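Here's the letter readout for the chains.
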Amino acid sequence: CRFIDSAAHGIEVFDSQAVITGNSFQNMGIAAYPIVFDTLSKVPVMAGDSASGTGVRGIAVPGGILSGTLRWNKPGEGLAYYLLGELSLEETAAWPIDAGVTAKTINQRVTISGTVIALGTPAEPVVFTSSRETPAAGVWKGFYFGRSAGGSEFRNVTVSFGGQDNLGFIRGGYRFCSIFLDAC
């Protein structure tokens, strides 16, 4: 499908594992996203999608508590995932992230009690960064890996512009870092 000159979002997904591939999004509304997830329980499989012109070039993902599996595959060149709220993975949750995925956010923290597997490659790293057009150090909080997150793995991952304020009061003190590993 081609989405051209839309005043709003292109595709909004509620609790669906649809296959969204080969779509082009051109000139979305000023703050509109090509694709929006309304829930964390099921997400579509995406590949080969593209965006150009106005609007946000990415997929809007809500914050919340994840108890199942939330796989982020590479949706297309130049399309990033935008985490719009704090994300918390329960002990049973899994968050596999494919090579070449970029995730952007501001002011958010990701709490991992489950397992995140982010396996980038030297040619296609996984990137966590700021969603601001002109980023600066400390735009978003970062990651807290809890005791049960020991099965998590980051390989060829870039974490940039994190370390905002602090990750919270953890283990008797405020933690000022982009990643805090808590006995995992």
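Shown above is the structure to which this text applies.
Anyway, here's the lowdown on the structure attached to this text. Counting restarts for each chain, with residues numbered from 1 along the sequence as it is written. With pLDDT at 70 or above as the cut-off, local features in this predicted model cover only qualifying residues; side-chain atom pairs require 80 or more to be listed or tallied, and sums for whole chains, interfaces and linings still use all residues. Just so you know, side-chain values use all the structure's heavy atoms and leave hydrogens and water out.

1. Topic: unusual backbone geometry
Part 1 of the reasoning: Of note, the phi angle at Asp15 is positive, near 50 degrees, even though the residue is not glycine.
Part 2 of the reasoning: Elements are defined by DSSP. Helices are runs of H or I of four residues or more, strands are runs of E of two residues or more, and each kind is numbered from the N terminus. With respect to the helices, strands and loops of the structure, Asp15 is situated in the loop between strand S2 (11-13) and strand S3 (19-21).
Part 3 of the reasoning: Residue exposure (1.4 Å probe, protein chains only): buried if accessible area is under 20% of the type maximum, exposed if over 50%, otherwise partly exposed. Of the residues examined, Asp15 reaches a relative accessible area of 34% and is grouped as partly exposed.
Part 4 of the reasoning: With a phi angle near 60 degrees, Asn107 is a residue other than glycine that sits in the positive phi range.

2. Observations regarding the layout of surface pockets
Part 1 of the reasoning: Estimates place the volume of the largest pocket at around 340 Å³.
Part 2 of the reasoning: For the lining of the largest pocket, the elements supplying multiple residues, two or more each, are strand S10 (80-83) and strand S13 (102-105).
Part 3 of the reasoning: The residue makeup of the lining of the largest pocket, split by class, is six nonpolar, six polar and four charged. In this analysis, the protein atoms alone were mapped onto a 1 Å grid. Cavities are point sets where a 1.4 Å probe fits without being able to get out; pockets are open sets with protein on both sides within 12 Å along at least five of seven lines; lining residues have an atom within 4 Å of a point. Grid points are joined across faces, edges and corners, and a volume is the space filled by probe spheres set on the points. Residue classes follow a fixed rule: Ala, Val, Leu, Ile, Met, Phe, Trp, Tyr, Cys and Pro count as nonpolar, while Asp, Glu, Lys and Arg count as charged, and any other residue, Gly among them, counts as polar.

3. Side note on the nonpolar core
Part 1 of the reasoning: In this description, a nonpolar core means a group of buried Ala, Val, Leu, Ile, Met, Phe, Trp, Tyr and Cys residues linked to one another through side-chain atoms lying within 4.5 Å. The biggest cluster of nonpolar side chains holds 37 residues, and the ones touching the most others in it are Ile35, Phe37, Trp72, Trp95, Ile97 and Ile112.
Part 2 of the reasoning: When near neighbours in sequence (up to four residues on either side) are disregarded, Trp72 contacts Val61, Tyr81, Trp95, Pro96, Ile97, Asp98, Val101 and Ala103. Two residues qualify as a contact provided that any one of their heavy atoms is within 4.5 Å of a heavy atom in the partner residue.

4. As for the sheet that holds strand S12 (residues 94-97)
Adjacent strands of a sheet pair through backbone hydrogen bonds, lying either parallel or antiparallel.
Part 1 of the reasoning: Strand order in the open sheet formed by three strands is S12-S15-S18, and the pairing between neighbours is parallel. Only two strands of the sheet have a single partner each, and these edge strands are S12 and strand S18 (153-155). In this sheet, neighbouring strand axes are inclined to one another by 10 degrees on average, regardless of whether the strands run parallel or antiparallel.
Part 2 of the reasoning: Pairing geometry for S12 and strand S15 (residues 115-119), over four bridges, is parallel. When the sheet's bridge partners are listed, Pro96 is paired in S15 with Ile117. Two strands form a pair only when DSSP identifies at least two bridges running between them. Fitted lines through C-alpha atoms give the axes, limited to the stretch in contact for helices. The angle between two N-to-C directions lies from 0 to 180 degrees.

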